[in-house]
Structures are given as C-alpha cells and as structure tokens.
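Coordinate analysis (summary)
Spelled out from the first residue to the last, the chains are:
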Amino acid sequence: QSNLQQNTTVRQQVDRITASMSDFERNWLANPSSGRMSLYATLNNLIKSNGLRNTAGPTYTPLDPIGSKGQVQPTTSAEKQTNAKWQTIYPGIAVSITVEGPYQRVRHFVREIESSRQFLIINGVELESVTQSGVATEPTAGGATGGRATLVSLRLEMATYFHRPEVINAQ
C-alpha cells in the first residue's frame, strides 16, 4: 500500500514537472527562426533607444543542444569551449556585446534587457569608466572619475534559448 502511494506521488511530481517544462517552452521560448530575428531587432532597438554607442559586437554564436552532433569536442577552439558552459537541452545563441554611454543610460539598457519579453540570460557583466577619447580612466578614492557625465563601457555576455525541434514539430 505504502509503495503504491509513493509511486503515485512520484508520478504526480513527474507530471507536474513535465507540465511546468511544457508551459515554460510554450510561453517563454521562441521558435529558432523568428526568435533569432527578434533577438537581433530587440538588441539593436535597445541600443538605439538608450542613446548608446555600439563599440563591439554584437557577436552571435550558435549553441547546439547538449547531445547533438554539433556539441563541443575536447579538441575544439577555446571560444567554443567557453560557449559550451552555456549549452542546455535547448538550442540557443550566445551573445557578446559592448556598448558605451553615460552610466544612467547603460543602467537603463541592462534593466530593459532583463525586463524584455525576449528570453535573455545575462551571464557576465564588465563595466569600465572611459573618457571621450575611449581611454580608460582611473577612478578616484570615492569611485568617481571627476567628470560630470561619466561615460562607461559595458560588456555583456548573454544567452538566449529556443524551442527544441521536437516541440516545434509537436505543435
């Protein structure tokens, strides 16, 4: 009797987890083709709407699902090995971008990325103070550089993921 109840409980938990995963895929993950174009447009619009200057990237690197033929092998390049840590069961894209602008606008840019409908995960952030000429400045003891409108350079490492092919075919 006890074993039967435990099996039923485990089955209910598995069903609940499966339903949660299905809900996540349907409501948050886009199809690869439309999601890719939406990602490009979203990032470009956010850069433009925040008045930032794109200084490097965005660079897009495909992330093959774990277990696929394109999965990283031990002899591949360092870039592919770095991207391997962001691989999941979902296909995706790793994005690297560097923008420059006033601190408040850069902060607003990051907030808009985090709150956008585009499913983006920020994996790494580098923030550096720069002068108008683009040369890094040394912060003072208080953390300020002494300029009125301090420009900062922001480098983001992000990843986005898409529906798995079998989910697309099932719909």
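In what follows, the structure referred to is the one given above.
The rules behind these values
- Residues numbered from 1 in each chain as written.
- Predicted model: local features only at pLDDT ≥ 70, side-chain atom pairs only at ≥ 80, totals over all residues.
- Heavy atoms only, no water.
- Core = buried A, V, L, I, M, F, W, Y, C linked by side-chain atoms within 4.5 Å.
- Buried < 20%, exposed > 50% of the residue type's maximum accessible area, 1.4 Å probe, protein only.
- Helix = DSSP H or I, 4+ residues; strand = E, 2+ residues; numbered from the N terminus.
- Contact = heavy atoms within 4.5 Å.
- Phe/Tyr/Trp six-rings, centres within 6.5 Å; stacked < 30°, edge-to-face > 60°.

**Some remarks on the nonpolar core**
Counting residues in hydrophobic clusters, the biggest one holds 19 residues, and the most contacted among them are Leu 43, Val 99, Phe 109, Ile 113, Leu 154, Leu 156 and Met 158. Elements supplying a minimum of two residues to this core: α2 (32–49), β2 (92–102), α4 (103–115) and β4 (151–161). When near neighbours in sequence (up to four residues on either side) are disregarded, Leu 156 contacts Val 95, Ser 96, Ile 97, Phe 109, Ile 113, Ile 122, Gly 124 and Val 125. If you look at the next biggest cluster of nonpolar residues, it comprises six residues, including Tyr 90, Ala 94, Ala 159 and Tyr 161.

**Quick look at the packing of aromatic side chains**
All chains considered together, the criterion is met by three aromatic pairs. Centre to centre, the rings of Tyr 40 and Tyr 60 are 4.4 Å apart; their planes meet at 55 degrees, and the pair counts as tilted. In this pair, Tyr 40 sits in helix α2 while Tyr 60 sits in strand β1 (residues 53–63), placing the two residues 20 residues apart along the sequence. Relative accessible area serves as the criterion here: at 24%, Tyr 40 is assigned to the partly exposed category. Judged by its relative accessible area of 27%, Tyr 60 is partly exposed. The rings of Phe 24, Tyr 90 and Phe 119 are connected pair by pair, giving a single aromatic cluster.

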